[in-house]
Amino acid sequence: MIRTVWNLVLSLMAFASALVLLPERVHAETSGDVDAQQAKAEQTIEALNAPLYSPFTERYLLDEVKTLRQMLADHRVEVTEKMTDRELEVADTALMYATDTVTYFFYLIAGASTLLVLIGWNSLREIKERASALANDEIQRITSSYEERLEKLERELHSKSRHIAATQEEIELTNEVHSLWLKASQESSAQNKIAIYDQILGLRPEDVEAITYKADAALLLGQAQWANALANRALTIDPENSHAKYQRACAHAESGYIEEALRDLSEAIETSEALREQAAHDPSFERLRELDEFTSMTQVDS
């Protein structure tokens, strides 16, 4: 047994010296022959007295492998234990945090409840009642606002509806009056024209134009006094109406009131220049044609 151990030691020493000396020689003799070095190594191996393999070596290696396996198993157990401890520690920490959180949450609820009690909200029922009252007040405010807006909108709609209705009536009245004017323009009889003018005045009592044209028709019928009254009625409504002054001048001229006729004719011509030429050919002013004032008044500049 001792001899076997000694041979193993010699073999290991020879193998170690070969492993140590071989690289040094390769490094020292960089330019040497590689085949010679290989032959040297083979001679060294052949010089060994016993083979490297032996039952002792096998036993040694088996023991080392067993030791390594045991160490690996122990290490695995140790790692498992450490991981388990860490997991338990983490779980413990999480549980502690959860417990603290719940505790702080209850503290917060207690503080809030205390604060609510301090400011007068003594119970959840009172909180509910106040919230309901606030909601009802807000709903009432919004409802009142919308009711006011709806009432305003309704008033505006009624006003616009009345305006539209009045406009439609005015349009219908204007169309009817226009048709009467067309009918009057097609009539040749002064009496029929007066009847149509009366219809127009029935629709529009303050129609100055209808009154003056009625006065003109009365003059055609020889009713100077009636024409004068109609002209005065028109001038009451519109004191600056030139046609009414002209008709009154015609009525005065036919009635023999020369000064009044000249005065009204002068005012009418000043207001409407087109009446100058019409007066020069109007048969109502037949009595005034010899007067210089009438001639100069009705003279048309060429």
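Here the structure is a predicted model, which means the values were calculated and not measured.

A grouping of Val102, Phe106 and Ile109 is seen on the molecular surface, where their side chains present a nonpolar patch of about 270 Å² in accessible area. Inspection of the secondary structure assignment puts isoleucine 109 in helix H3 (residues 55-118).

A low pLDDT means the predicted coordinates there should not be read in detail. For the protein chain, per-residue confidence averages 76 on the pLDDT scale, and residues scoring 70 or more make up 77% of the total. Note on residues 18-23: pLDDT is under 50 here. Beyond four places in sequence and across chains, it has two contacts.

Moving on to helix H10 (residues 274-281). Buried residues of H10: Leu275, Arg276 and Ala279, and no others. Buried residues in H10, looked at end-on, bunch into an arc of 110 degrees, giving them a common side. Along H10, the residues that are exposed and aim more than 90 degrees away from the buried face are Ala274 and His281. Packed against the buried residues of H10 are helix H8 (242-255), helix H9 (258-271) and helix H11 (292-298).

Running from N to C, helix H6 (residues 208-220) and helix H7 (residues 224-237) cross one another at 165 degrees; their axes reach a closest spacing of 8 Å. Compared by their axis directions, H6 and H7 come out roughly antiparallel. Crossing handedness for the pair H6 and H7: left-handed. Here Val208, Ile211, Thr212, Lys214, Ala215, Ala218 and Leu219 of H6 lie close against H7, whose contacting residues are Ala224, Trp226, Ala227, Leu230, Ala231, Arg233, Ala234 and Ile237. Grouping the constituent residues of the contact of H6 with H7 by class yields 12 nonpolar, one polar and two charged.

It is worth spelling out the packing of aromatic side chains at this point. If you walk through the whole model with that rule in mind, you get five aromatic pairs. Between the aromatic rings of tyrosine 197 and tyrosine 213, the centroid separation amounts to 6.2 Å while the plane-to-plane angle is 50 degrees, which identifies the pairing as tilted. Placement of the pair is tyrosine 197 in helix H5 (residues 190-203) and tyrosine 213 in helix H6, with a sequence separation of 16 residues. On the basis of relative accessibility, which here comes to 5%, the residue tyrosine 197 falls in the buried class. Taking the centre distance of 5.6 Å and the plane angle of 70 degrees together, the rings of tyrosine 246 and phenylalanine 285 count as edge-to-face. Here tyrosine 246 is found in helix H8, whereas its partner phenylalanine 285 is found in the loop between H10 and H11, with 39 residues between them in sequence. Of the two residues, tyrosine 246 and phenylalanine 285, neither departs from the other in class, the shared state being buried. Each member of the aromatic cluster is reached from another via a ring pair, and the members are Trp181, Tyr197 and Tyr213. Directly above the ring of tyrosine 146 sits arginine 149, whose terminal nitrogen or CZ lies 5.5 Å from the centroid.

Here we come to the pattern of salt bridges. Once their charged atoms are close, side chains differing in charge can pair, the charge on each being opposite to the other. Using the criterion set out here, one finds eight salt bridges in the structure. When the shortest N-O distance is used, the salt bridge between lysine 214 and aspartate 198 registers 2.5 Å. Within this pair, whereas lysine 214 is found in helix H6, its partner aspartate 198 is found in helix H5, the two being separated by 16 residues in sequence. Residue classification places lysine 214 among the buried positions, given a relative accessible area of 9%. Note that lysine 245 is salt-bridged to glutamate 240, the shortest N-O span being 4.0 Å. What makes glutamate 240 exposed here is its relative accessible area of 54%. Each of Glu240, Lys245 and Glu267 takes part in salt bridges that share partners, so that together they form one network.

The contact between H7 and H8 brings their axes to 8 Å, and the two run at 155 degrees. As far as their axial angle goes, H8 and H7 are roughly antiparallel. For the pair H7 and H8, the sense of crossing is left-handed. Of H8, the residues touching H7 (which contributes Ala224, Gln225, Ala227, Asn228, Ala231, Asn232, Ala234 and Leu235) are Ala244, Lys245, Gln247, Arg248, Ala251, His252, Glu254 and Ser255.

On to a negative patch on the surface, then. A surface patch of like charges, here negative, comprises Glu81, Asp85, Glu89 and Asp92. With respect to the element layout, aspartate 85 can be found in helix H3.

Attention now moves to the nonpolar core. Nonpolar side chains in soluble globular proteins tend to end up buried together. By size, the foremost hydrophobic cluster in this structure holds 39 residues, and its most contacted members are Ile200, Tyr246, Leu265, Phe285 and Leu288. Looking at this core, the element that brings in the most residues is H6, giving seven residues. The contacts of leucine 288, once residues within four sequence positions are left out, are Ala253, Ile258, Ala261, Leu262 and Phe294.

Turning to the side chain of arginine 248, a few remarks are in order. Here arginine 248 is to be found in helix H8. Within the structure, the side chain of arginine 248 is placed 3.0 Å from the side chain of aspartate 264, a separation counted as a polar contact. Once residues lying within four places of it in the same chain are set aside, the contact partners of arginine 248 are Asn228, Ala231, Asn232, Leu235 and Asp264.

Parameters at a glance
Residues numbered from 1 in each chain as written. Predicted model: local features only at pLDDT ≥ 70, side-chain atom pairs only at ≥ 80, totals over all residues. Heavy atoms only, no water. Patch = residues over 30% accessible without salt bridge, like charges linked within 9 Å, V, L, I, M, F, W, Y side chains within 5 Å. Areas by Shrake-Rupley, 256 points an atom, 1.4 Å probe, with all protein chains shown as cover. Salt bridge = Lys/Arg side-chain N within 4 Å of Asp/Glu carboxyl O. Helix = DSSP H or I, 4+ residues; strand = E, 2+ residues; numbered from the N terminus. pLDDT = per-residue confidence, 0-100. Contact = heavy atoms within 4.5 Å. Buried < 20%, exposed > 50% of the residue type's maximum accessible area, 1.4 Å probe, protein only. Arc of directions from axis to C-beta. Axes fitted to C-alpha atoms, helices over the stretch in contact; angles between N-to-C directions. Parallel < 35°, antiparallel > 145°, perpendicular 65-115°, else oblique. Left-handed = near helix turned anticlockwise from the far one by under 90°. Nonpolar A, V, L, I, M, F, W, Y, C, P; charged D, E, K, R; others polar. Phe/Tyr/Trp six-rings, centres within 6.5 Å; stacked < 30°, edge-to-face > 60°. Lys NZ or Arg CZ within 6 Å of the ring centre and 35° of its normal. Lys, Arg positive; Asp, Glu negative; His and termini not counted. Charge placed at Lys NZ, Arg CZ, Asp CG, Glu CD. Core = buried A, V, L, I, M, F, W, Y, C linked by side-chain atoms within 4.5 Å. Polar contact = N/O pair within 3.5 Å; in protein donor to acceptor, adjacent residues only side chain to side chain.

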